[in-house]
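Structural characterization, general
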Amino acid sequence: MGWGRISDGDNLFRHCIHPNSFRGRSFLPEKFIYIKAAPDRSLHASLVWERFVPTTGLLHDSGCRLALHMNQGAQAGGKYEEENKKIYCGAYQLQANTIRALTGIEGLEEVASADVVHSIEGEEFAHADLRIVLKSGKTPNIEGTKTAIVTYLWAAYRGPLKHVCDCDKDAKEHPSSALGVPPRGRYSDTRSSIFRAWSIVRYHICFWIWRKLSRSGG
Amino acid sequence: MFKLPNRTYLQPIVVLATSELHGIGGLDGVRTHLAGNLITRVDSTLPGPDPQVVSSTQVLRTTFSSIPVVWQSELAEDYQELGEALGQMTELDEESEWRIDPAVCATACFIATGLMINSYPAPRIFAHGPESVVFNWSGGADDLYLTISANKVSALISSPERIKRRVEFAAVDVLDPGVLFPSIQSADPERSITSRLNGAIPDLYELLF
């Protein structure tokens with residue numbers, strides 16, 4: 001279920017979780033996003049849409065919830081280990097048009113289409129799905145395609161927006177300090193204060209409607 | 001006054017994540033290629049029987065004659081860590097983003113052996129799913145990635161600006177980096193950045209390392 005098309009100029013964010021995106025204490029840029037191949041050989045990854053996390057606080061809240069859910073899932077499955085506790089470290093930003101530009105990039109001719117769509121996941125109202133469809137018969141090694149896409153996306157990101165969740169404040173060496181700066185540099189919010197205020201109002205209205213509909217089974 | 005050794009023996013090794021050499025699917029050609037070299041265990045603490053020692057003289061004569069002992073020792077240490085890391089990645093939980101299939105690990109270890117024998121620096125590694133592991137070297141503005149599946153290898157050279165080159169290989173064709181890297185350089189020359197990637201291995205080596 002989606003609440004509108006994500007415009008080309010809209011911002012998306014990718015949460016960064018320790019230890020998924022790290023090797024030991026070192027941040028690995030190529031691991032900041034995890035691309036999964038579906039049985040139909042389409043590729044998918046999770047992002048969040050700024051429209052429904054219009055403030056840095058809301059963005060980080062969703063990141064902390066993500067890490068918490070991962071830890072709760074591991075605990076429920078009896079696989080939780082304190083040393084592998086998921087820790088939210090921050091987020092990186094990119095624009096939707098960067099994803100859509102994957103179609104037609106030199107060196108990635110096997111990409112038939114690339115898009116990002118709003119796709120609420122569980123309680124995560126801002127979740128967006130990055131979807132890449134590959135041309136049939138033109139992808140000799142889908143794993144190599146993943147590597148090429150990951151390196152392209154890393155070069156398109158800005159950030160990081162570092163964060164320490166309340167539940168991780170006691171950590172001696174929080175891994176967010178190791179997050180790297182992408183080639184495009186750091187992210188700064190260039191939205192005007194008026195647009196930002198409007199975005200917050202719009203978010204609260206949409207979120208309220210969504211909760212109402214969810215509770216009524218709509 | 002101590003006496004300097006007048007003769008030094010170098011120990012060629014194969015990077016093994018495990019002592020188990022059997023049951024490696026799809027790599028008969030690689031095994032055949034290695035049959036003339038010395039195969040030994042990197043980690044003596046690993047369980048299981050010692051691998052077969054075949055012959056080392058050919059390797060010593062043709063490969064290691066000009067490589068300093070200290071450098072080779074450091075290199076072996078780096079590759080030992082690499083082999084151990086690859087082995088650990090096969091034992092991770094199925095839901096881990098870092099887990100790789102044993103067949104991928106086996107291919108990666110064989111390729112790592114070829115890299116080490118040719119004295120290439122140990123790569124960084126990462127995975128994006130159980131079906132491959134990625135070897136990565138960074139040098140200046142460019143990065144080299146080898147995405148290793150059980151039977152295929154994809155080479156990628158990229159810069160922050162663009163993808164410069166991608167080449168696909170069968171795993172059995174890339175055991176010898178002396179063949180691999182020139183192949184990456186020579187593939188599809190009309191799309192290449194000819195001014196930087198033309199030439200023999202040392203050019204690419206200098207570019208990346």
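In this report, we go over the structure that sits alongside the text. (Residues numbered from 1 in each chain as written. Chains lettered and ligands numbered in written order. Predicted model: local features only at pLDDT ≥ 70, side-chain atom pairs only at ≥ 80, totals over all residues.)

On to the overall build of chain A. Scanning chain A for helices and strands turns up 4 helices and 9 strands. Seen in sequence order, chain A has helices and strands lined up from the N terminus as β-β-β-β-β-α-β-α-β-β-α-β-α. Rg of the C-alpha trace for chain A: 18 Å, near the compact-globule value of 17 Å for 218 residues, within the 12% margin. Dimensions of chain A, computed from the C-alpha atoms along their principal axes, are close to 45 × 40 × 35 Å. (Helix = DSSP H or I, 4+ residues; strand = E, 2+ residues; numbered from the N terminus. Rg over C-alpha atoms; globule rule 2.2 N^0.38 Å.)

Regarding its fold elements, chain B presents 7 helices and 5 strands. Secondary structure elements of chain B occur, N-terminal to C-terminal, as α-α-α-α-β-β-β-β-β-α-α-α. For chain B, the proportion of its 209 residues judged to be buried stands at 37%. When contacts within chain B are restricted to residue pairs at least 6 apart in sequence, long-range pairs at least 24 apart make up 55% of them. (Buried ≥ 20, exposed ≤ 12 C-beta atoms within 10 Å, placed from the backbone. Contact = placed C-beta atoms within 7 Å.)

With 25 residues of chain A at the interface, the matching set in chain B holds 22 residues. Among the elements that line the side of chain A that touches chain B, the one with the most residues is helix H3 (residues 142-156) of chain A, at 9 residues. Among the residues making up the side of chain A that touches chain B, the classes are represented as 12 nonpolar, 6 polar and 7 charged. (Nonpolar A, V, L, I, M, F, W, Y, C, P; charged D, E, K, R; others polar.)

Right, let's get into H3(A). With 15 residues, H3(A) should cover 21 Å at 1.5 Å per step; its first-to-last C-alpha distance of 21 Å lies within 8% of that length. In terms of burial, H3(A) is a largely internal element, 14 of the 15 residues being buried. (Expected span 1.5 Å × (residues − 1).)

Among the nonpolar cores identified, the biggest contains 84 residues, and Leu12(A), Val48(A), Leu153(A), Ala108(B) and Val133(B) are the most heavily contacted of them. Of all the elements, helix H4 (residues 102-117) of chain B adds the most residues to this core, at 12 residues. (Core = buried A, V, L, I, M, F, W, Y, C linked by C-beta atoms within 7 Å.)

Attention now goes to the environment of Cys206(A). Residues and elements named next belong to chain A. Among the secondary structure elements, cysteine 206 is positioned in helix H4 (residues 193-215). The sequence separation of cysteine 206 and glycine 9 amounts to 197 residues, and the corresponding C-alpha distance is 20 Å. Every residue in contact with cysteine 206, bar those within four places of it in the chain, is listed here: Trp3 and Phe52.

What follows deals with the sheet that holds strand E2 (residues 133-139) of chain B. Residues and elements named next belong to chain B. The 5 strands lie next to each other as E1-E2-E3-E4-E5, forming an open sheet whose pairing is antiparallel. Both edges of this open sheet fall to strand E1 (124-126) and strand E5 (163-170), since each of them pairs with a single strand only. The sheet shows a mean angle of 20° between the axes of neighbouring strands, direction not considered. The pairing of E1 with E2 spans 3 bridges and is classified as antiparallel. (Pairing = 2+ DSSP bridges. Axes fitted to C-alpha atoms, helices over the stretch in contact; angles between N-to-C directions.)

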